[in-house]
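What follows is each chain in one-letter form.
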Amino acid sequence: MSATLQNLVNQPYKHGFVTSIESDVAPKGLNADTIRMISTKKKEPEWLLEFRLKSYEAWLKMEEPVWPNVHYPKIDFQAISYYSAPKQKPKLKSMDEVDPELLRTFEKLGVPLHERMALAGVAVDVIFDSVSVATTYKDKLAEVGIIFCSMSEAVHDHPELVQKYLGTVIPPSDNFYAALNSAVFTDGSFCYIPKGVKCPMDLSTYFRINTEESGQFERTLIVAEEGASVSYLEGCTAPAFSSNQLHAAVVELVALDNADIKYSTVQNWYAGDEKGVGGIYNFVTKRGLAKGVNSRISWTQVETGSAITWKYPSCVLLGDNSVGEFYSVAVTNHYQQADTGTKMIHVGKNTRSTIVSKGISAGHSNNSYRGLVKVAPGATGARNYSQCDSMLVGQNSGAHTFPYIQVANNSSQIEHEASTSKIGEDQLFYFAQRGIDAEAAVSMIINGFCKDVFQQLPMEFAVEATALLSFKLEGSVG
Amino acid sequence: MIYPDSKIVLEVRGLCATVNGTEILKGLDLTVRRGEVHAIMGPNGSGKSTFSKILAGHSAYEVTGGSVMFEGQNLFDLAPEERARAGVFLAFQYPIEIPGVINSQFLRLTYNTVQTHRGKEELDPLEFDDYVREKMKLLEMSPDFLERSVNEGFSGGEKKRNEILQMAMLDPRLAILDETDSGLDIDALRIVANGVNQLANKDNAIVLVTHYQRLLNYIVPDYVHVMEAGRIIKTGGKELALELESRGYDWVGVEHKAVAGAVA
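Only a predicted model underlies this, so the values are computations on that prediction, with no experimental measurement involved.

**Let's talk about the overall build of chain A**
Helix and strand counts for chain A stand at twelve helices and 23 strands. Taken over 478 residues, chain A has a buried fraction of 62%. For chain A, the proportion of contacts with a sequence separation of at least 24, taken over those separated by at least 6, is 85%. For chain A, the computed accessible surface area is about 17,600 Å², with 52% contributed by carbon and sulfur atoms.

Spelled out as structure tokens, the structure:
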């Protein structure tokens, strides 16, 4: 059985092609001049340049975090290029104007902007390296007052909104990578849902890193005004390079009274080869501020890629009765390392949070859940339920759980459940004895294990996630 | 039941096998025809369970000699899942728990997979629900079995019933029941045995692997084989089981050695 399984191992990374589009790449290295250069290239207002320079100053004084349960050689931040844009420029009015090579890339990625997304009613903002190249459905959304555009456009067209919210959930000094992002971010998505508007379709952004030795520092900001709601989907891929690339994104969400933001991610950055060479360093800061009463922030993530993942999508539950949710599936194989989880900070009264984390470790990989549940003194009646399940595949993988619970209000209720299980030869033999081959068996076991999370994903993503996981783990058992 | 001239389902000749380098089976011979019920008995460590796992294709065992023909085909040419689809069914001594996988979904996948390979129609979830509920009546199982994770938290009796339910669904040519009586109370034993009896027909064959005679009060075998040290050393009718029950296994071995000595 193991021999057949071995053949299924190490399926090539299917997004591992490089698109030969000429890029406008900045020289490597980071200093105040690089930041001025980025700001100038992007024709930014003075306040944003100041924001960047202050962030840079803060970053210089900070140390790389060493507490995550991941190991890698020290990153040389002067060996990275901080700006890369596809050369073919001016503003595009329709998809027909997009470089055909780029469109072919999207096809290879399985993102046919033209047809499928249109049929699915998804508006897509595509970030290619650092610059947004196409935004669909913008006009349709504008009819109901929704702004959905690249961060660069937002800076030019809606500076007052960007200035009001940028850095309010994740201040530049929050952590090392957030500071770096705040200094050098080149693009990202901006989304604003006005008062009382329920966004009529799922909004989607597809990120891709194309250039070797370029970092991707996208910045996403989503604001839902009173009574507004939006569901946002993010997918990520990158070509296969033998060097490691840095991805240090920042995502900020703000939900005002009775607003609802649902943020779903399927992350499939290049994970390195089966020996652990290459792959993305995915060091991301994501946080939602449930600012208003009865507001709700929900994170769903399916993390399958990256050589190293360091990511804790969090909720600050400031408004009374606000709700925070975190549903996560993190899969590691070969030599991947993931240290991921969430933080639920209960500040308002009667705030509730739910954490469901499913970690799957295969090959020689290490998968850690790290989570904080914090209840502030004033958070009377706060409740949290956490469930952390780990599944080990094969003999050489590791699963770790680091739950932190800090409670300063004795009216709160905190529950934590955890389990560890294993896909073994015996389970696969049992399936085989009933006529089911190893591939279908692994898929069924993994789907069963992850179903609490997959149920939270929008339909299209759920199908993709299921396929991705089976693909990822095929042959890793035995 | 023994039918004259019925076709051979399983023909084992001189089967030898090892696990981790230790020889467990040392020249096992057995012929099973359609319609027959065989019981393989023997002391612990005689190789009974090893034999049943080898027939199903467990990768921990290495076949080092001999042959096994199943319905005229070399069994070792087939992967474990292909054997199952061709009609080899093993009721596990210790059915495996699969947390998170819902029993009804598992049962439907296995049923449809096997049906497809036999060129028959798949059932959709609603049709399957009707089908499986009917089969469950045979084993007096409550419908809530369907909503639980496969074997997870099942009692010993529930696990064994779930095995026989799958046997009922998959309609095997050869059903090997590995210590199906172990861990069953008397009521569960009666229910399981009753289920097996109803499934036995002139087109299939059943091999019961058991340590005790108890099960054979309910499922009456046509042949009883005694296994010792990796081979079958005595074969008789159902009365042999009763004799084993009263006299133990030792005398069979002594007698076997005496016969072997006389022949030499």
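**Quick notes on the interface of chain A and chain B**
Across the contact, 17 residues belong to chain A and 32 residues belong to chain B. Across the chain A/chain B interface, buried area totals approximately 2,100 Å², and carbon plus sulfur atoms make up 68% of it. On the chain A side of the contact with chain B, Phe429, Tyr430 and Arg434 of chain A bury the most area, a combined 35% of that side's loss. Applying the counting criterion to the chain A and chain B interface returns one salt bridge. Of the charged contacts in the structure, one is a salt bridge between Glu163 of chain B and Arg434 of chain A, with a shortest N-O distance of 2.5 Å. In this structure, the connection of chain A to chain B is made through 13 residue pairs in polar contact (both at pLDDT 80 or more). Elements with a minimum of two residues in the side of chain A that touches chain B: α10 (425–433) and α11 (438–454) of chain A. Looking at which element gives the most residues to the side of chain A that touches chain B, the answer is α10 of chain A, with eight residues. Here the residues of the side of chain A that touches chain B are counted per class, giving eight nonpolar, four polar and five charged.

**Quick word on the sheet that holds strand β9 (residues 174–178) of chain B**
All names here are of chain B. Here we have six strands laid out as an open sheet, ordered β6-β9-β10-β3-β11-β12, and mixed in their pairing. Both outer strands of the open sheet, β6 (88–91) and β12 (231–236), are each paired with one neighbouring strand and no more. Geometrically, the sheet is characterised by an average inter-axis angle of 20 degrees between neighbouring strands, direction not taken into account. Pairing geometry for β6 and β9, over four bridges, is parallel. Residue pairing across strands places Ala91 opposite Leu177, the latter belonging to β9. The strands that helix α1 (residues 48–56) touches are β3 (37–41), β6, β9, β10 (205–209) and β11 (223–228); relative to β9, the one it contacts most, it runs at about 145 degrees.

**Focus: the packing of aromatic side chains**
Counted by the stated rule, this structure contains 27 aromatic pairs over all chains. Geometrically, the ring pair formed by Tyr72 of chain A and Phe283 of chain A is tilted, given 5.5 Å between the ring centres and 40 degrees between the ring planes. In this pair, Tyr72 of chain A is assigned in the loop between α3 (46–60) and β2 (84–86) and Phe283 of chain A in strand β13 (residues 279–290), connecting sequence segments 211 residues apart. Residue classification places Tyr72 of chain A among the partly exposed residues on the basis of a relative accessible area of 24%. You can call Phe283 of chain A buried: its relative accessible area is 2%. Ring plane angle 45 degrees and centroid distance 5.7 Å describe the contact between Tyr111 of chain B and Phe128 of chain B, whose orientation is recorded as tilted. Residue Tyr111 of chain B is located in helix α3 (residues 103–117), and its partner Phe128 of chain B is located in helix α4 (residues 125–138); the two are separated by 17 residues in the primary sequence. A relative accessible area of 3% means that Phe128 of chain B is categorised as buried. These aromatic residues form a ring-pair network of at least three members: Tyr56, Trp59, Trp67, Tyr72, Phe77, Phe176, Tyr177, Tyr281, Phe283, Trp310 and Tyr312 of chain A.

**Things to note about the sheet that holds strand β2 (residues 22–33) of chain B**
An order of β2-β1-β4-β5 (chain B) is seen for the four strands of this open sheet, with the pairing classed as antiparallel. Strands at the two margins of the open sheet, each flanked by one partner only, are β2 and β5 (73–74) of chain B.

**Here we look at the side chain of Lys262 of chain A**
All names here are of chain A. For Lys262, the position within the fold is in strand β12 (residues 260–268). Buried and without a salt bridge, Lys262 has Glu325 as its closest oppositely charged side chain, separated by 6.0 Å. At a separation of 2.7 Å, a polar atom in the side chain of Lys262 contacts the main-chain carbonyl oxygen of Gln456. Setting aside anything within four residues of it in sequence, one finds Lys262 in contact with Val230, Ser231, Tyr232, Ser298, Thr300 and Gln456.

**Side note on the confidence of the model for chain A**
Residue and element names in this part refer to chain A. Across chain A, the average pLDDT comes to 82, with 78% of residues at or above 70. At the level of individual helices and strands, chain A shows its lowest average pLDDT in helix α1 (residues 2–8), which scores 36, and its highest in strand β16 (residues 314–317), which scores 98. Here residues 1–12 is a poorly scored stretch, pLDDT under 50, and it has 24 contacts once near neighbours within four places are set aside; other chains count. Confidence drops under a pLDDT of 50 for residues 111–122, and excluding neighbours within four residues, the segment shows 27 contacts in the predicted structure.

**A look at the packing of helix α2 (residues 32–41) of chain A against α3 of chain A**
All names here are of chain A. Between α2 and α3, the shortest axis-to-axis distance is 10 Å and the interhelical angle comes to 155 degrees. By the angle class used here, α2 and α3 are roughly antiparallel. With respect to the hand of their crossing, α2 and α3 are arranged in right-handed fashion. Contacts from Ala32, Ile35, Arg36, Ile38 and Ser39 in α2 reach Leu49, Arg52, Leu53 and Tyr56 in α3. Considering only residue class, the contact of α2 with α3 consists of six nonpolar, one polar and two charged.

Rules of the game
Residues numbered from 1 in each chain as written. Chains lettered and ligands numbered in written order. Predicted model: local features only at pLDDT ≥ 70, side-chain atom pairs only at ≥ 80, totals over all residues. Heavy atoms only, no water. Helix = DSSP H or I, 4+ residues; strand = E, 2+ residues; numbered from the N terminus. Buried < 20%, exposed > 50% of the residue type's maximum accessible area, 1.4 Å probe, protein only. Contact = heavy atoms within 4.5 Å. Areas by Shrake-Rupley, 256 points an atom, 1.4 Å probe, with all protein chains shown as cover. Buried area = accessible area lost by both parts, 1.4 Å probe. Salt bridge = Lys/Arg side-chain N within 4 Å of Asp/Glu carboxyl O. Polar contact = N/O pair within 3.5 Å; in protein donor to acceptor, adjacent residues only side chain to side chain. Nonpolar A, V, L, I, M, F, W, Y, C, P; charged D, E, K, R; others polar. Pairing = 2+ DSSP bridges. Axes fitted to C-alpha atoms, helices over the stretch in contact; angles between N-to-C directions. Phe/Tyr/Trp six-rings, centres within 6.5 Å; stacked < 30°, edge-to-face > 60°. Lys, Arg positive; Asp, Glu negative; His and termini not counted. pLDDT = per-residue confidence, 0-100. Parallel < 35°, antiparallel > 145°, perpendicular 65-115°, else oblique. Left-handed = near helix turned anticlockwise from the far one by under 90°.

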